[in-house]
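Breakdown of the fold
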Amino acid sequence: MLSAYITHPSSLLHEMGREHPECPERVSAIHDYLLAQGLLDFMLPQTAPAATHAQVERVHASLYVAELVAAAPKSGYVHIDPDTAMNPHTLDAAWHAAGAVVLATELVARGDVATAFCNVRPAGHHATRAAGMGFCFFNNVAVGIAHALEEFGLERVALVDFDVHHGNGSEDIFASDERVLMVSTFERGLYPYNGEVATGPNLCNVPLERYTKSDALREAVTQHWLPALDDFRPQMIFVSAGFDAHRDDDMSRLGWVDNDYAWMTRELVNVAQRHAQGRIVSVLEGGYVLPVLARCAAAHVRVLIGAD
Ligand SMILES: [Zn+2]
């Protein structure tokens, strides 16, 4: 098996209220489409374990984790910001979403599979060291990166974030950590309203103007990401895979299309093959129009498993 597919039933139980765009159906839409396209036939299915406190607290303040545990409701919702709420299942889903990336990291770092895709929620890239926000509680991808660095002794790990929103949480956690290179694109002026000026020399932030389309995206990747990645020579690549920059996603004004996700993934696979023995761990972040999300995730996965 070339690639692992990791999810957990709790991803379908965490929800933040009726009509909230970050809904459980996102995970099932991706799952169903990967299944219908026959892509899951080529993947090793795995159920995510819960991450441990020690794994999560490599990247989050233990006080924040304790506060989150204490805040979890027995019924109803508890809001941690106006858009981000916990229901009785949220904490369980958050532990397993982070655990999915820990497992993906282990499978890929050990060489059991070359790549892994984590179809889990809640998302993570807005969660900073000391605070959840923007639909995120634990920074799943950061937990995986820390695991790769600490448990497998890797010295250089890259994080690629192509979600339309800036991954401020990942930036907060890894700024000036020379073991991590973070490259990202995001729409300028959109939530969380930062990222314009990178806060560390290991960050390659590329803000894109509203209405940016494929050609400019591909230029940003070619001009900024690829040289930085080649210079850095990552031993493993992590991806914050948000699909909300698609032109049909109403969360943003960028104009990416399905093919852009395939193209970008191919570029990342090439970098991984040059420097990282092909090792890529990809983790779901945003993407809110279900059919578009499902198609783009499939375009991404099809390249990750070597079928495109
Ligand atoms: Zn997003």
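All of these numbers come straight from a predicted model, not from anything done at the bench. (Residues numbered from 1 in each chain as written. Predicted model: local features only at pLDDT ≥ 70, side-chain atom pairs only at ≥ 80, totals over all residues. Heavy atoms only, no water.)

With distances of 1.9 to 2.7 Å, the protein atoms coordinating the zinc ion are Asp-163 (OD), Asp-163 (OD), His-165 (ND1) and Asp-244 (OD). Each of the four donor atoms bound to the zinc ion contributes to angles spanning 52 to 154 degrees, and the resulting shape is irregular. Within one chain, the residues donating to the zinc ion are spaced in sequence as D-x1-H-x78-D. Assessed through its relative accessible area of 1%, Asp-163 is described here as buried. Judged by its relative accessible area of 9%, His-165 falls in the buried class. (Donors = N, O, S within 2.8 Å, 3.2 Å for Na, K, Ca; no water. Tetrahedral: all angles 85-135°; square planar, octahedral: opposite > 155°, others 65-115°. Buried < 20%, exposed > 50% of the residue type's maximum accessible area, 1.4 Å probe, protein only.)

So, about the side chain of Thr-185. Structurally, the position occupied by Thr-185 is in strand E7 (residues 180-187). The residues touching Thr-185, leaving out its near neighbours within four places in the chain, are Asp-161, Phe-162, Asp-163, Val-206, Leu-208, Ala-220, Trp-225 and Trp-256. (Helix = DSSP H or I, 4+ residues; strand = E, 2+ residues; numbered from the N terminus. Contact = heavy atoms within 4.5 Å.)

With that settled, consider the layout of surface pockets. Using a probe with the size of a water molecule, rolled over the atoms, empty space left in the structure can be pinpointed. Approximately 160 Å³ is the volume found for the largest pocket. Lining the largest pocket are 15 residues, with His-126, Gly-134, Phe-135, His-165 and Tyr-191 sitting closest to its centre. Among the residues forming the lining of the largest pocket, the class breakdown is six nonpolar, five polar and four charged. (1 Å grid on protein atoms, 1.4 Å probe; cavity = no way out; pocket = protein on both sides within 12 Å on 5 of 7 lines; lining within 4 Å. Points joined across faces, edges and corners; volume = space filled by probe spheres on them. Nonpolar A, V, L, I, M, F, W, Y, C, P; charged D, E, K, R; others polar.)

With that settled, the discussion passes to the nonpolar core. Ranked by internal contacts, the top residues of the largest apolar core, which has 53 residues, are Phe-162, Trp-225, Leu-229, Phe-243 and Trp-256. Examining the composition of this core, we find that nine residues originate from one element, helix H9 (residues 290-304), more than from any other. Leave out the neighbours within four places in its chain, and Phe-243 touches Phe-162, Asp-249, Tyr-261, Leu-284, Gly-286, Gly-287, Leu-293, Cys-296, Ala-297 and His-300. In this structure, Leu-68, Val-101, Val-102 and Ile-145 belong to the second largest nonpolar core, which totals 48 residues. (Core = buried A, V, L, I, M, F, W, Y, C linked by side-chain atoms within 4.5 Å.)

Every regular strand shows the same layout, with side chains that alternate between the two sheet faces. In terms of burial, strand E10 (residues 280-284) is a largely internal element, five of the five residues being buried. Strand direction decides the pairing type here: strand E5 (residues 115-118) and E10, joined by four bridges, are parallel. Bridging from a neighbouring strand, Phe-117 pairs with Ser-282 of E10. Inspection of the sheet shows strand E9 (residues 236-241) paired to E10 by five bridges, in the parallel sense. Its bridge partner lying in E10, Val-239 is registered against Ser-282. Taken together, E9, helix H8 (residues 258-275) and E10 constitute a β-α-β crossover, and its handedness is right-handed. (Pairing = 2+ DSSP bridges. Right-handed = clockwise from strand over helix to strand, strands pointing away.)

Next up on the list: the pattern of salt bridges. On inspection of all chains with the given rule, the structure shows 13 salt bridges. Between Glu-187 and Arg-210 there is a salt bridge, and its shortest N-O distance comes to 3.9 Å. Of this pair, Glu-187 sits in strand E7 while Arg-210 sits in the loop between strand E8 (203-208) and helix H7 (214-232); the two residues are 23 residues apart in sequence, bridging distant segments of the chain. For Arg-210, a relative accessible area of 49% corresponds to the partly exposed category. For the salt bridge of Asp-308 with Arg-266, the shortest nitrogen-to-oxygen distance reads 3.8 Å. Taken as a pair, Asp-308 in the segment after H9 and Arg-266 in helix H8 lie far apart in primary sequence, 42 residues in all. Residue classification places Asp-308 among the partly exposed residues on the basis of a relative accessible area of 46%. According to the relative accessible area criterion, Arg-266 is partly exposed, its value standing at 34%. Because the salt bridges share partners, they merge into one network encompassing Glu-22, Arg-26 and Arg-121. (Salt bridge = Lys/Arg side-chain N within 4 Å of Asp/Glu carboxyl O.)

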